[in-house]
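Descriptive analysis of the structure
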Amino acid sequence: MNRRQFLSRSAFFAVVPAALTACGGGGDADDGGTAPATGTYRFPQGVASGDPRPDSVVFWSRCVHADGTAADVALTLEVSAREDFASLLASVALSARATWDHTVRAKVTGLPAATALYYRFRAGADSSAVGRTRTAPAADATPAQVRFAWFTCQDWSVNHWGAMDLIAAGDHDFVVHVGDYIYETTGAAFQAGAAEPAHGAISLPDGTALPGGGRYATTLADYRTLYRTYRGDARLQAVHAKFAFIGIWDDHEFSDDCWQDHQTYTNANLQQTARRRAASQAWVEYMPVDFGDVSFDTANAAYDNLRIYRDFRFGTLMHLVMTDQRLYRDDHVVDEATLAAAQGHDLVNGSDSLGARYFVQQPVLAQFEAARTAALGRAPGVLGTTQTAWWKTTMKNSPATWKVWGNEVTLGRMWLDLRTLAPAPYNALYVVNADGWDGYPTHRTELLSHLKTNAIRNVVAITGDLHAFQCHVVRDNPDPAVGTPVLVDFVSAGISSSSFYSYIKAGAGGTPLAALAATPAVFDATLKAHNPDLRHGDHDAQGYASAVVTATSFDVTFHKVRPLNAEGTAPASPLLSDTRLTVAAGSASVSVAAG
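Read on for a plain summary of the structure. (Residues numbered from 1 in each chain as written. Predicted model: local features only at pLDDT ≥ 70, side-chain atom pairs only at ≥ 80, totals over all residues. Heavy atoms only, no water.)

**Describing the overall build of the protein chain**
In terms of helices and strands, the protein chain carries 13 helices and 35 strands. Compactness check: the protein chain gives a C-alpha radius of gyration of 24 Å against a globular reference of 25 Å for 595 residues, within 12% of the reference. Over its C-alpha atoms, taken along the principal directions, the protein chain stretches across nearly 80 × 55 × 50 Å. Counting only carbon and sulfur atoms, one obtains 53% of the accessible surface of the protein chain, whose full area is about 20,900 Å². (Helix = DSSP H or I, 4+ residues; strand = E, 2+ residues; numbered from the N terminus. Rg over C-alpha atoms; globule rule 2.2 N^0.38 Å. Areas by Shrake-Rupley, 256 points an atom, 1.4 Å probe, with all protein chains shown as cover.)

**Quick word on the packing of helix α3 (residues 220-230) against helix α5 (residues 273-286)**
Interaxial distance between α3 and α5 falls to 8 Å at its minimum, and their mutual angle equals 35°. Crossing geometry of α3 relative to α5 is assigned as right-handed. Contact residues: Leu220, Tyr223, Arg224, Tyr227 and Arg228 in α3; Arg275, Ala278, Ala279, Gln281, Ala282, Trp283, Glu285 and Tyr286 in α5. Tallied by class, the residues present in the contact of α3 with α5 amount to eight nonpolar, one polar and four charged. (Axes fitted to C-alpha atoms, helices over the stretch in contact; angles between N-to-C directions. Left-handed = near helix turned anticlockwise from the far one by under 90°. Contact = heavy atoms within 4.5 Å. Nonpolar A, V, L, I, M, F, W, Y, C, P; charged D, E, K, R; others polar.)

**Some details on the environment of Gln361**
Relative to the helices and strands, Gln361 is located in strand β24 (residues 358-361). Take Gln361: its relative accessible area is 31%, and that puts it in the partly exposed class. Spatially, the C-alpha atoms of Gln361 and Gly39 are 60 Å apart, while their sequence positions differ by 322 residues. Excluding residues that lie within four positions of it along the chain, Gln361 makes contacts with Pro425, Ala428, Leu429 and Tyr430. (Buried < 20%, exposed > 50% of the residue type's maximum accessible area, 1.4 Å probe, protein only.)

**Structural notes on the pattern of salt bridges**
Counted by the stated rule, this structure contains 26 salt bridges. The closest approach of N and O atoms between Asp251 and Arg326, which form a salt bridge, is 3.9 Å. Of the two residues, Asp251 is situated in the loop between β19 (244-247) and α5 and Arg326 in the loop between β23 (318-322) and α6 (336-343); the sequence distance between them amounts to 75 residues. Note on Arg326: relative accessible area 0%, which makes it buried. Of the charged contacts, one joins Asp417 and Arg419 as a salt bridge, the two residues approaching to 2.8 Å between their closest N and O atoms. (Salt bridge = Lys/Arg side-chain N within 4 Å of Asp/Glu carboxyl O.)

**Examining unusual backbone geometry**
Residue Pro425 follows Ala424 across a cis peptide bond; omega there is 5°. Assignment of secondary structure puts Pro425 in the loop between β26 (415-417) and β27 (429-433). Backbone geometry at Asn269 places phi at a positive 50°, although glycine is not the residue there. Here Asn269 is to be found in the loop between β19 and α5. Positive phi is not limited to glycine here, since Phe359 has a value of about 50°. Relative to the helices and strands, Phe359 is located in strand β24. Phe359 sits in the buried class, given a relative accessible area of 18%.

**Quick notes on the nonpolar core**
Membership of the largest hydrophobic core comes to 89 residues, with the highest contact counts inside it found for Phe148, Leu320 and Phe490. Sorting elements by how many residues they give to this core places α5 first, with six residues. Those residues within four positions of Leu320 in sequence are excluded, and the remaining contacts are Phe174, Val176, Ile246, Arg310, Asp311, Phe312, Phe314, Val404, Gly406 and Ile462. Counting residues in hydrophobic clusters, the runner-up holds 30 residues, among them Trp391, Leu447, Leu451 and Ile456. (Core = buried A, V, L, I, M, F, W, Y, C linked by side-chain atoms within 4.5 Å.)

**Remarks on the packing of aromatic side chains**
The final tally for this structure, using the stated rule, is 30 aromatic pairs. Relative to Trp390, the ring of Tyr309 has its centre 4.9 Å away and its plane inclined at 50°; by these criteria the two rings are tilted. Taken together, the positions of Tyr309 in the loop between β21 (306-307) and β22 (310-314) and Trp390 in helix α9 (residues 385-397) put the pair 81 residues apart, joining distant regions of the chain. Residue classification places Tyr309 among the buried residues on the basis of a relative accessible area of 7%. These aromatic residues form a ring-pair network of at least three members: Phe148, Trp150, Phe174, Phe314, Trp402, Phe469, Phe490, Phe554 and Phe558. Arg120 extends its terminal NZ or CZ atom over the ring of Phe85, reaching a point 4.1 Å from the ring centre. Sitting above the plane of the Trp60 ring, Arg231 keeps its charged end 4.2 Å from the centroid. (Phe/Tyr/Trp six-rings, centres within 6.5 Å; stacked < 30°, edge-to-face > 60°. Lys NZ or Arg CZ within 6 Å of the ring centre and 35° of its normal.)

**Focus: the sheet that holds strand β17 (residues 208-209)**
The strand order across the open sheet formed by three strands is β16-β18-β17, and the pairing between neighbours is antiparallel. Unpaired on one side and paired on the other, β16 (185-186) and β17 mark the two borders of the sheet. (Pairing = 2+ DSSP bridges.)

**Topic: the packing of helix α2 (residues 162-169) against helix α4 (residues 234-242)**
Contact geometry for α2 and α4: axes closest at 8 Å, N-to-C directions at 20°. Taken together, α2 and α4 sit at an angle that is classed as roughly parallel. As α2 packs across α4, the resulting crossing turns out to be left-handed. Residues Gly162, Met164, Asp165, Ile167, Ala168 and Ala169 of α2 form the contact with α4, whose participating residues are Arg235, Leu236, Ala238, Val239 and Lys242. The class makeup of the residues in the contact of α2 with α4 is seven nonpolar, one polar and three charged. (Parallel < 35°, antiparallel > 145°, perpendicular 65-115°, else oblique.)

Below, the structure is given as structure tokens:
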């Protein structure tokens, strides 16, 4: 089925050329724009815009009957260059259909480049909040700078969302989300920490019991419940209402540490195609994504019935390349069930993530990778063959000064060498996180070698997932003695998710790792000592990152927020500290300055 035909027939996605119209106050002709709101319709998840191009933006909202009626809602999108909507660039008739959980999205084309725009949705006499967005610079423009923020890992169930207030107060051209927009679990063991009072417990309409306690989203109704809840937060709504949004997913939009349509809660690596499709549909319903650029086809019964990797240009200054690192990735290199069998553990209901995905002995990883390569006829990878080819071509052909990779999982080496520091059986060289690129070393080398071979300069990755602030110089070979620096990876801590250090501290128990993780400062220093290309690390943190991009430098600020107050409330002044990191054009070295 032709994608555009599918989208047209489903009324899921509208593409409408801008047409100059005038309408006093933006009102309908029969009311002059003066009719009072009736409260007949509500916009409980606010408004959003996304995927900004020089001549187009996607606009999103969700509109429901205030009395709970399930019927479709007729509404109108209005777009203006004026905050008072005295004249309109576009007026688009839409339908918020129950089929799509009453969400609507429309791409308006023919808009002026590098222009601030205002938009709202109207249903009857009721209006949504007014949103603000901005188109990208023209392809041949040379903007003096591009400013953006990126964020990740906003677990509703722990800590607070004060970082959202800081993002909304910032001066950004757009914002980027690099994954874990929702968490698919409720009441899981890792969500046992306190949450601010504004975030009550979420009850899934269906859900499935999670090994170790809690439940995980299973049905479309479950995933929709999560998105409705998360998007009900006024602070997240403010971020969406103020900035154009560019999003990609990581694992928790479907299932923790997932690959393709497989969950990894147990060693069984259970395949759940219907669940994967439900998670994907909810994501596309609630994201302001350009479906003229990506694909989504519910008639396709496969788990990969959509493609979300895509790229964005901001004049000649910056090219943003967003990748999908879950839907096409191969199984983790070290198979949990095989590892469990070797240790006499339960092959189905047990969990051997330690040893398979985390704290994997490097020789074991190499052994498994060789066996998987022989079985597959290629090295196991993260992006899949088609996306890999697209990434290589996109990077090679980019004329932009800065090539920015929207990358979900860490690229930099994160090893711990305990061969002389710990007694048996802990005296080994460990890959700390094999769910990241460290766990797919040959595929990572393939991509990074492509940058080196083709002399592709000024490459920066913006990353999430780890729940820590990190900055790595990344080489084509992770051995600093022989590798050549090819990019810099900036990793943002999560908005609220429990920190990487807290996981390490809780899991260290009576192992030798306990001494190396005695305090956050000790753990930070330990990782830096074992990984000389780790230029900055703060592993006990929440917050977000922002960047100012010019022709001469890529400046990043890590914004760390305060923890919950002792009584469990969110801090009134959330910002704790800023750390600024700078990469000069033509260089892969990083300067770090605490602010």
